[in-house]
Amino acid sequence: DSRLARVKFEVELGLEASLSALTKNMMPLCSDAATIRAFIESRQEFKHGYVSHALAADMRELLNDWHTLIVQLEHQRNVGALSLQSAWFYCQPAASALRLMANVASRAYHLKGASVLNL
């Protein structure tokens, strides 16, 4: 199913090298969040099993924390107090958790029941 296909973001050519590098570091976060969101949306019904449904519910809570961070960063940007470097500084701690959740979501997508618990 292509619902969990990885979203790929690209940086526009001509961007200053240091800004391009920072932007490229942040792009996987966006891709991971999209993968997690797709998994959550696909598991809203119990037809995929209670375990998958519970996993998606917990992922939803964690992703809501990520969205809260993004809203706070957006506010900082709107008031002119956010640079790309500071955005990366605030997002970097969440990178490994988002990566792990996206990997679990991708692997659990075709599983049901106890096999999800064994990931």
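Please refer to the structure placed before this passage.
Residues numbered from 1 in each chain as written. Predicted model: local features only at pLDDT ≥ 70, side-chain atom pairs only at ≥ 80, totals over all residues. Heavy atoms only, no water.

A. Looking closely at the overall build of the chain. When you go through the chain residue by residue, the secondary structure sums to four helices and zero strands. Listing every helix and strand of the chain by position from the N terminus yields α-α-α-α. Expressed as lengths along the three principal axes of its C-alpha atoms, the size of the chain is roughly 45 × 30 × 20 Å. With 119 residues in all, the chain has 32% of them scored as buried. Sequence separation of 24 or more characterises 67% of the internal contacts of the chain that already satisfy a separation of 6 or more. As displayed, the chain has an accessible area near 7,600 Å², and 57% of this comes from carbon and sulfur atoms. Charged side chains in the chain number 12 positive and 11 negative. The centres of these two groups are separated by 7 Å. (Helix = DSSP H or I, 4+ residues; strand = E, 2+ residues; numbered from the N terminus. Buried < 20%, exposed > 50% of the residue type's maximum accessible area, 1.4 Å probe, protein only. Contact = heavy atoms within 4.5 Å. Areas by Shrake-Rupley, 256 points an atom, 1.4 Å probe, with all protein chains shown as cover. Lys, Arg positive; Asp, Glu negative; His and termini not counted. Charge placed at Lys NZ, Arg CZ, Asp CG, Glu CD.)

B. Representation of the packing of aromatic side chains in the model. As enumerated under the stated definition, the model contains two aromatic pairs in all. Relative to Tyr50, the ring of Phe46 lies with its centre 5.0 Å away and its plane at 50 degrees, an arrangement referred to as tilted. Centre to centre, the rings of Phe89 and Tyr90 are 5.3 Å apart; their planes meet at 75 degrees, and the pair counts as edge-to-face. The exposure class assigned to Tyr90 is partly exposed, which follows from its relative accessible area of 45%. (Phe/Tyr/Trp six-rings, centres within 6.5 Å; stacked < 30°, edge-to-face > 60°.)

C. Examining the pattern of salt bridges more closely. Under the criterion given, the structure shown has three salt bridges. Among the salt bridges present, the one from Glu45 reaches Lys47, with a minimum N-O distance of 3.8 Å. Among the salt bridges present, the one from Glu74 reaches Arg77, with a minimum N-O distance of 3.9 Å. Of this pair, Glu74 and Arg77 both sit in helix α2 (residues 50–78), separated by three residues, roughly a single helical turn. A residue is classified by how much of its surface remains accessible, and Glu74, at 41% relative accessible area, is partly exposed. (Salt bridge = Lys/Arg side-chain N within 4 Å of Asp/Glu carboxyl O.)

D. How the structure looks around the side chain of Ser52. Among the structural elements, Ser52 can be located in helix α2. For Ser52, a relative accessible area of 0% puts it in the buried group. Apart from residues no more than four positions distant in its own chain, Ser52 is found in contact with Phe39, Arg43, Leu111, Lys112 and Val116.

E. Inspection of the nonpolar core at higher detail. Ranked by size, the top nonpolar core spans 24 residues in total, and within it Ile36, Phe39, Met59, Leu63, Trp66, Cys91 and Leu98 carry the most contacts. Broken down by element, this core gets its largest block of residues, nine residues, from helix α3 (residues 84–108). For Trp66, the residues in contact, after removing those within four places along its chain, are Leu29, Ala33, Cys91, Ala94 and Leu98. (Core = buried A, V, L, I, M, F, W, Y, C linked by side-chain atoms within 4.5 Å.)

F. Examining α2 more closely. Here α2 contains 29 residues, and its C-alpha end-to-end distance of 41 Å stays within 8% of the 42 Å for a straight helix at 1.5 Å per residue. Looking only at α2, the buried set comprises Ser52, Ala56, Met59, Leu63, Trp66, Leu69 and Leu73. For α2, the elements touching its buried residues are α1 (17–42), α3 and α4 (114–117). Looking one or two places after α2, you find Gly80, whose phi comes out positive at around 80 degrees. (Expected span 1.5 Å × (residues − 1).)

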